[in-house]
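Next come the chains, spelled out residue by residue.
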Amino acid sequence: MRIGIGFDVHKLVPGRKLVLGGVAIPFDKGLLGHSDADVLVHAINDALLGACALGDIGKHFPDTDPAYKDISSIELLKRVKNLLKDQGYKVINIDSVICAERPKLAPFVDEMRKNIAETLDIAVNQISVKATTTEGLGFEGKGEGISAQAVCLIEKF
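This one's a predicted model, so the numbers in the text were calculated from it and none came from an experiment.

**Student:** What's the story with the pattern of salt bridges in this structure? I'm lost.
**Tutor:** Pairing between side chains becomes possible if they bear opposite charge and their charged atoms approach one another. All chains considered together, the criterion is met by ten salt bridges. We note a salt bridge from arginine 102 to aspartate 28, for which the minimum N-O separation is 3.8 Å. Placement of the pair is arginine 102 in the loop between strand 5 (89–99) and helix 4 (109–120) and aspartate 28 in the loop between strand 3 (23–25) and strand 4 (30–31), with a sequence separation of 74 residues. By relative accessible area, aspartate 28 is classed as exposed at 52%.

**Student:** What is the right way to look at a nonpolar patch on the surface in this model?
**Tutor:** Nonpolar side chains collect at one region of the surface, where Ile3, Ile5 and Val151 lie side by side and expose about 310 Å² of accessible area between them. Turning to its location among the elements, isoleucine 5 is positioned in strand 1 (residues 2–13).

**Student:** What is the right way to look at the packing of aromatic side chains in this model?
**Tutor:** Any aromatic ring pair is given by two values, namely how distant the centres are and how the planes are angled relative to each other. Following the criterion strictly, the structure yields one aromatic pair and no others. With centroids separated by 5.5 Å and ring planes inclined at 75°, the aromatic side chains of phenylalanine 61 and tyrosine 68 adopt a geometry described as edge-to-face. A single burial state applies to phenylalanine 61 and to tyrosine 68, both of which are buried.

The rules we used
- Residues numbered from 1 in each chain as written.
- Predicted model: local features only at pLDDT ≥ 70, side-chain atom pairs only at ≥ 80, totals over all residues.
- Heavy atoms only, no water.
- Salt bridge = Lys/Arg side-chain N within 4 Å of Asp/Glu carboxyl O.
- Helix = DSSP H or I, 4+ residues; strand = E, 2+ residues; numbered from the N terminus.
- Buried < 20%, exposed > 50% of the residue type's maximum accessible area, 1.4 Å probe, protein only.
- Patch = residues over 30% accessible without salt bridge, like charges linked within 9 Å, V, L, I, M, F, W, Y side chains within 5 Å.
- Areas by Shrake-Rupley, 256 points an atom, 1.4 Å probe, with all protein chains shown as cover.
- Phe/Tyr/Trp six-rings, centres within 6.5 Å; stacked < 30°, edge-to-face > 60°.

The following block contains the structure:
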């Protein structure tokens, strides 16, 4: 068994869609990034890659490569799943947290879990997604950005 941890942060800006866990969330701002900037899925990708000692998403999907411009992070998660499979690993579980002052994310958590589980070919009860605020503190609390952290457990199959 191996454990991985991932973290990601993106700035909130007008004129972009807000996508978290593969879910388009109605909001007046979205996350700035080369891909769809889905901080939750980025953190999960980094946790999975880290657990296999395969580096991070920047190594595999660099923001300098036009092939990844506006790509769905769920598509990147599919590719990470295949990298794990090539190494002989399967996902046991993922625990994650999104830090955002707004919008309220609770209504979207179940759909996020479903998207992630389906992409990884695992059960929904193997995916935990939580949302929290920073009580007005830091860049998340000021509404300047959103961050996410993820921890995963994988094992050889």
